[in-house]
Each structure stands twice: as C-alpha cells, then as structure tokens.
Amino acid sequence: MQTLTDSQNNMTNDTTDASLLKEPSTRRFTIDSLIDAQVGFMQQWLHEQAEPLAMEAWQWFGVQPFSKYISSEHLQHLMKDWLLNQSMTEVMRTDIRDILHTLIYHPVNDNVPLSELVDDTQVETLASYIGSHEQQRNILIHTLVGNETFADLLTQTLHHAINDFMETTLDKAGGVGKLMKLGRSSFEKATNRNLDEKLQTYLHRNIKDLTRKAEANAQAHLSNEEVARLMVMGWDRIKDQPISELQTYLSDEPGNSSIDHIEASIQQSYNRLRVSPYLHSLVSASIDTWYANHESDTMATIAASLHIDEAAMKQCSTALLPIMYDAIETPWLTAHIREMLEAFYTQPSIQEGLALNQN
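We now turn to the structure provided with this report. (Residues numbered from 1 in each chain as written. Predicted model: local features only at pLDDT ≥ 70, side-chain atom pairs only at ≥ 80, totals over all residues. Heavy atoms only, no water.)

### Some points on the overall build of the protein
Which entries qualify depends on this criterion: Only DSSP runs of H or I reaching four residues or more are called helices, and only runs of E reaching two or more are called strands; each is numbered from the N terminus. Accessibility here uses a 1.4 Å probe with only protein chains present; expressed as a share of the type maximum, an area under 20% marks a residue as buried, one over 50% as exposed, and anything in between as partly exposed. Note on contacts: a residue pair is in contact if any heavy atoms of the two residues lie within 4.5 Å. All accessibility values rest on the Shrake-Rupley procedure with a 1.4 Å probe; residue burial counts only the protein chains present in the view.
Across its full length, the protein carries 17 helices and two strands. Expressed as a percentage of its 359 residues, the buried residues of the protein come to 19%. Contacts spanning at least 24 positions in sequence make up 82% of the contacts within the protein whose residues lie at least 6 apart. Accessible surface, the protein as shown: approximately 25700 Å² in total, 60% of it carbon and sulfur.

See the structure below:
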C-alpha cells in the first residue's frame, strides 16, 4: 500500500523530471560530450583513489595462492631461457667495475680497520674448526710449511746468494781467487758437470727434504689448540690495519687495472658456466627445491620472507604516487580511455537504449 510519504516522493520525482524536460536543449549530452565528461571524471577519480586502490590491490594480491599464477616451469623458463641465456651487457659490466673501484678506493677505507669486515669471533670459530679437523689442519700445515713452491723459491734464493758471495769473494781474493776459479773450471771439465747446476741440485734436494721433515714434525707435534692459536695470532697482527691496506695488492694503473682483470675473469667464468649443462642442472634442482618449499604459500608469505609487508608496500606506493599521477594525466591514457568509451557507446544495444531514452 502506498503511503503518504511515497505519494509525496512520487510527486517530487515527477516534478523534477518535468523540470528537466523543460531545461534548454544545450544541457542535453551528445555521445561525444558524454565521453569527454566521463574521461575527465575517470581521471579525477583515479587521481583521488590512486593510493587506496594501490593498497587494496596489494591486499588482494597478498592472499592469492602462489601456485595459482606461477609454476615451477615458469621459474625454470625465467632463470634458464632468459637470465642464463643472456650475457651481461657492457653497460652493466662498466657499472660493476666503477662501483667496485669506488668501494675499494673510497677514502673511508683509510680510517676503518679490517676488523670492521671480519669479527674476532668469526676468526676464532674458523680457527677452532680448522684446528679440530685433522684433514684441514694438515692441509694448512702443508700450505705453510711443506709447500713445494716455497721450497723451490728458497732454493733459488740460496743459490743466487751463494753464487753472489763466491763471485764477490773470489774477485777480492786476488791470486787465490784466480786459483780457485781455475780449480772450479778443472772440476767442471773432469766431472762434465756445471758446478752451479750441482750446487742447485744439492740445495733443492736438501731443502725439500728439510721441508718434508719440518712438515711431518709440525703435523706430529702441533696440537689443535696451537694451530688455532697461530691463526688467531696471525689475525691479531693484521686486524687493526686499515682496509685500504688491501689496495697495496692491487694495481690501479690505466691499462693494467686489477679490478678490470678481476671483473673480466669473473665474466669469462660466468659466460662459460651459464651455458653449461652442469649449471643448468643445478639451477633446475635448486628451483624445484625452492618451489616445493613454497608451493602452498600465499604471495604475502613469500613477500614477507623478503621483508616486504603492508607497511613496506605503503611506503613504496607513496613513493610511486607521483608517477601514477603523471601517468593518469598523460595523453596516451586519455586516448585509451576515450577509445574504450567510444567502443562502449558504439555497441548496437547501447545505441538502441540511448535512442529510446531520447524519444
């Protein structure tokens, strides 16, 4: 049953409709003017709602299941067919070299000790680990004491020192020196061997034997605690030196930059490995393992593992708002909105409905 209020409302609506019909025809919208009005309205609305829309979109995205949109095959394709198949661009390589140069040669390195990079407890832990593992301890002792390269270097050094001493001494010995040189020449002719060669062979054999004995003695008598203590003592000697001390082992000359050589070597290794079946097999296995661990997670759970939460997204969306505002007001977006509305209004059903309303 219609109430008095309903009757009054109907009368009001009838009066309003009648007044609209009596308004000048200039107030009526054509399709073009209607599209213009809608484009402006949509841009203004998007401008005002950009921030809440971005957060609502993140909230919706966060609860979506990860496996619904991304499969293990998608990740395999991304890593292998895109990343690994593409060599690093020269622009990126230049940036890497420049950044490394800035980090290594930054003035702050002159005032910061090496202990800022490595904590004492880390060295102690490593020293204890190596000291408590016989195989690692023996490798360390061999590297320090029984290194054949070191023995060869020591042999050459002693050989040159003895030769230099003999030559200098014989030259100052006058007639006796000449007699000794004659004796040396006679010895070499009689034995058909060069005295320098014999001396070098003798030194090489004996020094290598001495280093082997020293290594065996060290492995037999150096306890775990002593090995660890030696490592810690070595660290204590250098930990207070500035980080810039590392620069002494590098060259920064044009055409002979250590950073350039290091970066080029890394690139060479990377370019060889990135196309190798070996690396592709490891990448596939790693992706399968990671995907199995996170297949049932939501997007928000995975993002949280990277410290991306709603607060972080809010900061991000705030930073991106100027870009969004500029994009909303660009001519290309205006053109796309207009094209969409024109397509909407040219539909036969819409045209027919508008025609009936106008009648």
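### A word on the nonpolar core
Keep this limit in mind: To define a nonpolar core, start from buried Ala, Val, Leu, Ile, Met, Phe, Trp, Tyr and Cys residues and group those joined through side-chain atoms within 4.5 Å.
Counting eight residues, the largest nonpolar core is built from Phe66, Leu75, Leu84, Val283, Ile287, Tyr291, Met299 and Ile302. At the level of elements, α13 (277-294) and α14 (299-304) are the ones that each hand at least two residues to this core. When residues in this core are grouped by element, the largest group, three residues, is from α13. The contact partners of phenylalanine 66, leaving out residues within four places of it in the chain, are Leu75, Trp290, Tyr291, His294, Asp297, Thr298, Met299 and Ile302. In terms of nonpolar packing, the next biggest core, distinct from the first, is built from seven residues, Ile35, Leu333, Ile337 and Tyr345 among them.

### Looking at a nonpolar patch on the surface
Our working definition: Note that patches include only residues with greater than 30% relative accessible area and no salt bridge, and the join distances are 9 Å for like charges and 5 Å for nonpolar side chains (Val, Leu, Ile, Met, Phe, Trp, Tyr). A side-chain nitrogen of Lys or Arg and a carboxyl oxygen of Asp or Glu constitute a salt bridge if their distance falls within 4 Å.
A surface patch of nonpolar side chains, amounting to about 330 Å² of accessible area, comprises Ile96, Ile99, Leu100 and Leu103. Mapped onto the secondary structure, leucine 103 falls in helix α5 (residues 90-104).

### Looking at the pattern of salt bridges
Evaluated as defined, the whole model comprises seven salt bridges. Arginine 97 is the salt-bridge partner of aspartate 260, the closest N and O atoms lying 3.7 Å from each other. A residue pair is termed long-range when its members are at least 10 positions apart, and aspartate 260 in helix α12 (residues 258-273) and arginine 97 in helix α5 qualify at 163 residues. A relative accessible area of 17% places arginine 97 in the buried class. Via salt bridges that share partners, Glu90, Arg93, Arg97, Asp260 and Glu263 belong to a single interconnected network.

### Comments concerning helix α6 (residues 120-131)
Since the α-helix advances by 3.6 residues per turn, residues separated by three or four positions end up pointing in the same direction. The cut-off we apply is this: To estimate the expected span of a helix, count its residues, drop one, and scale the result by 1.5 Å. It is the directions from the helix axis to the C-beta atoms whose arc is reported.
Helix length check: α6 (twelve residues) gives 16 Å between terminal C-alpha atoms against 16 Å at 1.5 Å per residue, within 8%. Looking at α6, one finds that the buried residues are Val123, Ala127, Ile130 and Gly131. On an axial view of α6, the arc spanned by its buried residues comes to 95 degrees, and they lie on one face. Those residues of α6 that are buried lie in contact with α7 (134-144) and α11 (224-238).

### Concerning the packing of aromatic side chains
What describes a pair of aromatic rings is the distance from one ring centre to the other and the angle between the planes of the rings. The cut-off we apply is this: Between the rings of Phe, Tyr and Trp (Trp by its six-membered ring), a pair exists once the centres lie within 6.5 Å; its type follows the angle of the planes, with under 30 degrees stacked, over 60 edge-to-face, and the other angles tilted.
According to the stated counting rule, one finds four aromatic pairs in the structure shown. Taking the centre distance of 6.3 Å and the plane angle of 40 degrees together, the rings of tryptophan 58 and phenylalanine 61 count as tilted. Of this pair, tryptophan 58 and phenylalanine 61 are both found in helix α2 (residues 31-62), three residues apart, which corresponds to roughly one turn of the helix. Exposure remark for phenylalanine 61: the relative accessible area of 35% places this residue in the partly exposed category. Ring geometry for phenylalanine 66 and tyrosine 291: centres 5.6 Å apart, planes at 50 degrees, overall tilted.

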